[in-house]
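# Working through the structure, step by step
Chain by chain, the residues run as shown.
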Amino acid sequence: MSKDLLKMKTKPNKPNGNGLSSSGWEMRPGGMLVQQRSSDSYQSSITVPTIKVKVKYGSSYHEVKISSQATFGELKKMLAGQTGLHPEDQKIFYKEKERDSRGFLDVAGLKDGSKLVLIEDEISREKRFVESRRNAKMENASKEITAIRLDIDKLAKHVANVEMDIYGGKKVTETLILSLIELLMTQLIKLDGITADGDLKLQRRMQVKRVQKYIETLDMLKIRNSALGNHNDKVQMHHKNGIFTGQMPKSMYYNQEQRKRVSFADQRNPGPVVVTTKWETF
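Residues numbered from 1 in each chain as written. Predicted model: local features only at pLDDT ≥ 70, side-chain atom pairs only at ≥ 80, totals over all residues. Heavy atoms only, no water.

Attention now goes to the pairing of strand S5 (residues 90-93). Here S5 shows a buried face lined by Gln 90 and Ile 92 and an unburied face lined by Lys 91 and Phe 93. With four bridges connecting them, S5 and strand S6 (residues 115-120) associate as antiparallel partners. Within S6, the residue paired with Ile 92 across the bridge is Leu 118. (Buried < 20%, exposed > 50% of the residue type's maximum accessible area, 1.4 Å probe, protein only. Helix = DSSP H or I, 4+ residues; strand = E, 2+ residues; numbered from the N terminus. Pairing = 2+ DSSP bridges.)

Structural data, given as structure tokens:
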């Protein structure tokens, strides 16, 4: 090893004002002598220059002060306030070449006083307009489905009440059942008129199935309700505390015992006997 290299190894590294040693070399733990790197404090002390660029849009010019290390996308955002163009609707050209939004100004060679050309991207504007209209339609469809769902929830409560009355042996007016069916059909027509995609389409289909189920339930209740008009020789379900027990009321047991006594009297006295049975309605 030469004497000059030994001197460089033994010579102490005294940092200068820039954070580098006076020799510019540093000794690694393994004994390797390498060139000293810049310290973080030195790198952070370097200021990024701000440049002023001139952008032509139509017949007007716009001057923008921006960091030289900014991207063209950041430049588009700054131009949006001055030109009124959405950043996605902008095309920026520098030296007759369109620049990508992810590209950096300094890498593209922009300097203070550089000139650029801005034009409107009509295709992008049209796509964004169509997308915004689609989003607005989906938002309206979501609100309509939500409103219909709330109406169906209210009608479902009425259907449950009618079902409880009929299975409890209480006859309801047929107009009530028909009006509920008509209201549910109205909701079904509303759902059919909604155009939806994706998750909203599934939500609409779910509400359609609900309405169809309630209508089928009312159709069966209508048949059962009409049969409640004839109480003779029919066992009614006894509704107690909201639970159907399936047992006959005490009045029915009384009527059966009464029939037995009448039959026994007929055997003892074959003469004409007339018995009137009065059924209680629950």
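This part covers the packing of aromatic side chains. Scanning the model with the defined rule gives zero aromatic pairs in all. Its guanidinium or amino end placed over the ring of Tyr 61, Lys 54 lies 5.0 Å from that ring's centre, counting from NZ or CZ. (Phe/Tyr/Trp six-rings, centres within 6.5 Å; stacked < 30°, edge-to-face > 60°. Lys NZ or Arg CZ within 6 Å of the ring centre and 35° of its normal.)

Next up on the list: the sheet that holds S5. Pairing is mixed across the open sheet formed by four strands, whose spatial order is S4-S3-S6-S5. The sheet terminates laterally at strand S4 (60-67) and S5, the two strands that pair on one side only. For this sheet, the mean inter-axis angle between neighbouring strands, taken without regard to orientation, is 30°. Where helix H3 (residues 72-83) meets the sheet, it contacts strand S3 (50-57), S4, S5 and S6, and its direction lies at approximately 135° from that of S4. (Axes fitted to C-alpha atoms, helices over the stretch in contact; angles between N-to-C directions. Contact = heavy atoms within 4.5 Å.)

Turning next to unusual backbone geometry. In this model, Lys 95 sits at a positive phi of 55°, which is unusual for a non-glycine residue. Its location among the elements puts Lys 95 in the loop between S5 and helix H4 (105-108). Its relative accessible area of 62% is what places Lys 95 among the exposed residues. Backbone geometry at Glu 96 places phi at a positive 60°, although glycine is not the residue there.

On to the pattern of salt bridges, then. Note that side chains of opposite charge can pair when their charged atoms are close. All told, the structure shown has seven salt bridges when counted by the stated rule. In this structure, Asp 153 engages Arg 149 in a salt bridge whose closest nitrogen and oxygen atoms are separated by 3.8 Å. With Asp 153 and Arg 149 both in helix H5 (residues 122-167) and four residues apart, this pair spans about one turn of that helix. Looking at Asp 153, the relative accessible area reads 27%, which means it is partly exposed. Relative accessible area serves as the criterion here: at 33%, Arg 149 is assigned to the partly exposed category. (Salt bridge = Lys/Arg side-chain N within 4 Å of Asp/Glu carboxyl O.)

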